[in-house]
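Spelled out from the first residue to the last, the chains are:
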Amino acid sequence: MAIDTLFDRASSVMTVISFITFAGILWWAFIHNKEADFAAAAQLPFDDDEKEHSHG
């Protein structure tokens, strides 16, 4: 009987940990302000073109 209780508690703990991890990923992706990083990443393809044209 004790092993059943242990598995029930472990299942509950893993559910809570999974939800916290999911909420953290959502916070990092959507709520955390990363607009400057995304804007810089969006300009990377164009930066390569400018470097090629300036040397040629």
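Residues numbered from 1 in each chain as written. Predicted model: local features only at pLDDT ≥ 70, side-chain atom pairs only at ≥ 80, totals over all residues. Heavy atoms only, no water.

For the protein chain, the name recorded in an unreviewed UniProt entry is CcoQ/FixQ family Cbb3-type cytochrome c oxidase assembly chaperone, with Rugamonas aquatica as its organism.

Q: Looking at this structure, I do not really get the overall build of the protein chain. What am I missing?
A: Of regular secondary structure, the protein chain possesses two helices and zero strands. Counting over 56 residues, the protein chain shows a buried share of 2%. With the model as given, the accessible surface of the protein chain reaches about 5,300 Å², and the carbon-plus-sulfur share is 68%. (Helix = DSSP H or I, 4+ residues; strand = E, 2+ residues; numbered from the N terminus. Buried < 20%, exposed > 50% of the residue type's maximum accessible area, 1.4 Å probe, protein only. Areas by Shrake-Rupley, 256 points an atom, 1.4 Å probe, with all protein chains shown as cover.)

Q: Hey, could you run me through a nonpolar patch on the surface in this one?
A: On the surface, Val16, Phe19, Ile20, Phe22, Leu26, Trp27, Trp28, Phe30 and Ile31 cluster together to form a nonpolar patch covering roughly 1,100 Å² of accessible area. The class for Phe30 is exposed, based on a relative accessible area of 66%. (Patch = residues over 30% accessible without salt bridge, like charges linked within 9 Å, V, L, I, M, F, W, Y side chains within 5 Å. Salt bridge = Lys/Arg side-chain N within 4 Å of Asp/Glu carboxyl O.)

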